[in-house]
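Residue-level listing of the chains:
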Amino acid sequence: MQNKKSSDLPTVVKSNTIIEAKYKLSTLQQKFILFMATQIRPENQDFDFHEVRISDFIKALNLGGKRSGSAYERIIEMAKDLNNRPLIIQEKGRKAPLFINWVASINPLPTMGIIEFEFSKRLKKYLLQLKENFTKYRFDEIIPLKSSYSIRIYEILKSHQWKNKNFEIGLLSLREMLGIEENEYKDYYDFKKRVILSSQKELKKKTSIQFDFEEIAGGKGKKITK
């Protein structure tokens with residue numbers, strides 16, 4: 001069997017506005033959304049109504065094996081919960097943030113082994129006909145990742161990769177992008193261990209991207225701020 005060319009492998013293309021948005025999805029939900037994004041074609045001017053075989057998704061994410069039955073149940077429950085987790089976008093010129101549901105409709109049909117899926121129309125300008133300010137990567141890069149934070153940090157790094165230089169990000173901005181609540185990882189060193197260092201280790205081991213970072217202190221008490 002011949003290996004597929006990298007150009008033939010499913011790719012994710014999304015606006016950097018989504019990458020920088022605030023949201024928190026489970027690892028499985030993120031992979032499902034990204035898998036659906038690979039179904040979009042460059043020539044699409046509107047969202048198609050997709051019919052996806054659950055077995056194809058299970059195969060793509062290596063969720064099969066002895067627990068394939070429970071994998072079906074997990075995928076259906078995950079799909080039902082998606083619109084309880086909107087993404088929050090702060091667009092230029094808007095005082096208030098924009099809350100967008102990921103999907104217009106999800107219709108799980110387990111007896112037929114399929115899920116009918118349609119992206120929310122409000123996502124069109126962030127997923128269709130992108131000409132600038134977007135990021136593209138191979139879907140198989142994120143499949144091995146177990147942490148939802150690793151997936152998000154991978155995308156953030158990927159969106160900056162073309163610059164081939166360091167970039168600076170505020171600690172608060174990073175926490176918000178990752179959907180981390182105020183009462184989670186309140187202590188910086190806990191956040192550093194559970195999120196940054198954990199993601200750093202996983203990305204280095206499982207993807208083509210690795211990173212180093214430097215802490216920048218500022219303000220009263222010289223706390224880490226960036």
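Above: the structure in question.
Small disclaimer: the values here were computed from a predicted structure and weren't measured.

Student: Any details on the overall build of the protein chain? Residues and values, ideally.
Tutor: Within the protein chain, the regular secondary structure consists of eight helices and nine strands. Computed over C-alpha atoms, the radius of gyration of the protein chain comes to 18 Å, within 12% of the 17 Å expected from 2.2 N^0.38 for 226 residues, which places it in the range of a compact globule. Along the longest, intermediate and shortest principal axes, the C-alpha atoms of the protein chain span 60 × 40 × 35 Å. In the protein chain, which comprises 226 residues, the proportion classed as buried is 44%. Across the protein chain, the fraction of contacts at a sequence separation of at least 24, relative to all contacts at a separation of at least 6, is 65%. With an accessible surface of roughly 13900 Å², the protein chain has 47% of that area assigned to carbon and sulfur atoms. Counting 42 positive and 28 negative side-chain charges, the protein chain places the centres of these two groups 3 Å from one another.

Student: So what's going on with the nonpolar core? Residues and values would help.
Tutor: Ranked by internal contacts, the top residues of the largest apolar core, which has 63 residues, are Phe-57, Leu-87, Trp-102, Phe-119 and Leu-123. In this structure, Phe-57 is in contact with Leu-28, Lys-31, Phe-32, Phe-35, Leu-63, Ile-75 and Met-78, ignoring residues within four places of it in sequence.

Student: Talk me through the packing of aromatic side chains; I want residue IDs and the actual numbers.
Tutor: Tallied over the full model, the rule gives 11 aromatic pairs. On the numbers, 6.4 Å between centres and 70 degrees between planes, the contact of Tyr-149 with Tyr-185 is edge-to-face. Placement of the pair is Tyr-149 in helix α6 (residues 148-160) and Tyr-185 in the loop between α7 (171-177) and α8 (188-206), with a sequence separation of 36 residues. By relative accessible area, Tyr-185 is classed as partly exposed at 23%. With a centroid separation of 6.3 Å and an interplanar angle of 40 degrees, the aromatic rings of Phe-211 and Phe-213 are classed as tilted. Taken together, the ring pairs in this structure connect Phe-32, Phe-35, Phe-47, Phe-57, Phe-117, Phe-119 and Phe-139 into an aromatic cluster.

Student: Outline the sheet that holds strand β2 (residues 50-53), supporting the account with residue identities and numerical values.
Tutor: Across the sheet, which stays open at both edges, the three strands sit in the order β2-β6-β5 with antiparallel pairing between neighbours. A strand with exactly one partner marks an edge of an open sheet, and here the two such strands are β2 and β5 (103-109). Each strand axis lies, on average, 20 degrees off the axis of its neighbour in the sheet, ignoring direction. One ladder, built from six bridges, connects β5 with strand β6 (residues 114-119); its direction is antiparallel. Counterpart to Ser-105 in the pairing with β6 is Glu-118.

Student: Let's hear about the environment of Glu-168: which residues, and what values?
Tutor: Turning to its location among the elements, Glu-168 is positioned in the loop between α6 and α7. Distance from Glu-168 to Lys-226, taken between C-alpha atoms, is 6.9 Å for residues 58 residues apart in sequence. Residues in contact with Glu-168, not counting those within four places in the same chain, are Ile-216 and Lys-226. For Glu-168, the side chain forms a polar contact with the side chain of Lys-226, separated by 3.2 Å.

Student: Break down helix α2 (residues 27-37) for me, citing the residues and quoting the values.
Tutor: Buried residues dominate α2, accounting for 11 of its 11 residues. Inspection of α2 places Thr-27, Leu-28, Gln-29, Gln-30, Lys-31, Phe-32, Ile-33, Leu-34, Phe-35, Met-36 and Ala-37 among the buried residues, and these make up the whole buried set.

Student: So what's going on with α8? Which residues, and what values?
Tutor: Each α-helix winds once per 3.6 residues, and so residues spaced three or four apart point in a common direction. For α8, built from 19 residues, the straight-helix expectation of 27 Å at 1.5 Å per residue is met to within 8% by its first-to-last C-alpha distance of 25 Å. Bending of α8 peaks at approximately 25 degrees at the position of Leu-197. Of the residues making up α8, those classed as buried are Tyr-188, Phe-191, Lys-192, Val-195, Ile-196, Ser-199, Gln-200, Glu-202 and Leu-203.

Student: Describe the pattern of salt bridges, with residues and values.
Tutor: Enumeration over the complete set of coordinates arrives at 14 salt bridges. The residue Glu-118 makes a salt bridge to Lys-121 at a minimum N-O spacing of 3.6 Å. Glu-118 sits in the buried class, given a relative accessible area of 17%. Connected via shared salt-bridge partners are Asp-46, Glu-118, Lys-121 and Lys-124.

Rules and cut-offs
Residues numbered from 1 in each chain as written. Predicted model: local features only at pLDDT ≥ 70, side-chain atom pairs only at ≥ 80, totals over all residues. Heavy atoms only, no water. Helix = DSSP H or I, 4+ residues; strand = E, 2+ residues; numbered from the N terminus. Rg over C-alpha atoms; globule rule 2.2 N^0.38 Å. Buried < 20%, exposed > 50% of the residue type's maximum accessible area, 1.4 Å probe, protein only. Contact = heavy atoms within 4.5 Å. Areas by Shrake-Rupley, 256 points an atom, 1.4 Å probe, with all protein chains shown as cover. Lys, Arg positive; Asp, Glu negative; His and termini not counted. Charge placed at Lys NZ, Arg CZ, Asp CG, Glu CD. Core = buried A, V, L, I, M, F, W, Y, C linked by side-chain atoms within 4.5 Å. Phe/Tyr/Trp six-rings, centres within 6.5 Å; stacked < 30°, edge-to-face > 60°. Pairing = 2+ DSSP bridges. Axes fitted to C-alpha atoms, helices over the stretch in contact; angles between N-to-C directions. Polar contact = N/O pair within 3.5 Å; in protein donor to acceptor, adjacent residues only side chain to side chain. Expected span 1.5 Å × (residues − 1). Bend = angle between axes of the 7 residues up to and from the residue. Salt bridge = Lys/Arg side-chain N within 4 Å of Asp/Glu carboxyl O.

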